[in-house]
Amino acid sequence: MDPVLTPDALAKLRQPRPYPAVSLVMPTHRREPENTQDPVRLRNLVAQAEKAVQEDPDVPRERRLDILDQLRRAVAETDLVHAEDGLVIYVAQGEHQVWSVARAVPERVVLSDTFLTRNLVAAQAAEQPYWALAVAADRVSLWSGDPERATEHGKDGFPLTRSLEDPDVERKERIGDVPSTFQDEEARHFLREAHEKLRAVVAAEPRPLYVLGSAPALALLEDLGSLGPDAMTIQQGGLAEGPAAAVWQAVEPLRQARVAAATSTVVAELDAARGRKEFAGGIDEVWQAVRQARVRLLAVEEHYRTVVREEGGHLEPAQSGDEGARDDMVDEIVEQALETGTEVRFVPDGTLEEQGRIAGVLRY
């Protein structure tokens, strides 16, 4: 499964395909006994997709056979044992992709000339991913983290390693037996290379950054230049080799504090916008403003979902399965807001109870 939705990956997903580009979206479950139903639901959804492709007169025979084969390959690669809250499968001529997302999604099969990306985009925005750089004298590793876990980033030049004459030099440093290995020119060159590679990664995919290491390592990195306004340091060495759970655990208290501070800032901005009459609250009002590209900041409760239908240019409550019902309007709003340059912030459930669980600060 693909772990990260980068801007380049999203751009490629949105490119038109020869019809049909097939999107399968399905809710999944993390734990027993609920997850025992997931394989059955997936089989039923795949059967629905196969039937739709086979019965569509606009699909040439050769393309139909290829798409059915790609669909079978995608299912074979799907890992329901380690499922999160949603599954998204994309299949088109000559390609297939499987994405696991940490956000509930509605069940559906869509045949079009592009993939349905709104659920994937909203899930990625809600994940609040971060980078964690763990620094040691002989190894610098980069980790991709979120509220659930951290995973080592094994590309873009990471991890960086070098050989030390004394393999136990880090332990001796901590007890004062040797001078700091972060004071020589080789160490500066080593960390300068890591610094440059990290800046390239963060520039391509901006996220909050946490830097973990001993005090001398952090001091040298600081001397080499700023790592950006979203960088925070954690004085804790011994994590360049992981394990992933230890990296996540070291970052988590600061991440939670950052989220709490950001939530307070969002609430304050919404209150100020209300006073200036630059505020939209509730799904219909926000939907109208997002369609007009008027929203500067969009705030959404993390698990907010609702079913609506459009009537007379407005959104009205509906039941799933009703004619014209739209099960993922919140995800659609999030994706459209991001496309118009809106800052999207997910906040804890209950934060926006008085504002209709979704609210925006308007540009005008």
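Residues numbered from 1 in each chain as written. Predicted model: local features only at pLDDT ≥ 70, side-chain atom pairs only at ≥ 80, totals over all residues. Heavy atoms only, no water.

Before we move on, can you summarise the sheet that holds strand β12 (residues 295-301) with the specific residues and values?
The strand order across the open sheet formed by 4 strands is β11-β16-β12-β15, and the pairing between neighbours is mixed. This sheet does not close on itself; its edge strands, each paired only once, are β11 (279-281) and β15 (343-347). Within the sheet, the average angular offset between the axes of one strand and its neighbour, ignoring direction, is 15°. Sitting on the sheet, helix α8 (residues 244-275) is in contact with β11, β12, β15 and β16 (358-362), with an inclination near 65° to β16. On top of the sheet, helix α10 (residues 329-339) reaches β12, β15 and β16; it is set at about 150° to β12, its chief contact. (Pairing = 2+ DSSP bridges. Helix = DSSP H or I, 4+ residues; strand = E, 2+ residues; numbered from the N terminus. Axes fitted to C-alpha atoms, helices over the stretch in contact; angles between N-to-C directions. Contact = heavy atoms within 4.5 Å.)

Lay out the side chain of E252 with the relevant residues and their values.
Examined against the element boundaries, E252 turns out to sit in helix α8. E252 sits in the buried class, given a relative accessible area of 8%. (Buried < 20%, exposed > 50% of the residue type's maximum accessible area, 1.4 Å probe, protein only.)

Outline the sheet that holds strand β3 (residues 95-101), listing residues and values.
With respect to topology, 4 strands assemble into an open sheet ordered β3-β2-β1-β4, the strand pairing being antiparallel. Lying at the two open borders of the sheet, with one neighbouring strand each, are β3 and β4 (108-112). Within this sheet the neighbouring strands show an average axis-to-axis angle of 10°, counted without direction. As paired strands, strand β2 (residues 86-92) and β3 are joined by 7 bridges and run antiparallel to one another. Bridging across to β3, V88 finds its partner in W99. Packing of helix α2 (residues 38-55) onto the sheet brings it into contact with β1 (21-27), β2 and β4, and relative to β1 it is tilted by some 155°. Contacting β1, β2, β3 and β4, helix α4 (residues 118-127) runs over the sheet at an angle of about 40° to β3.

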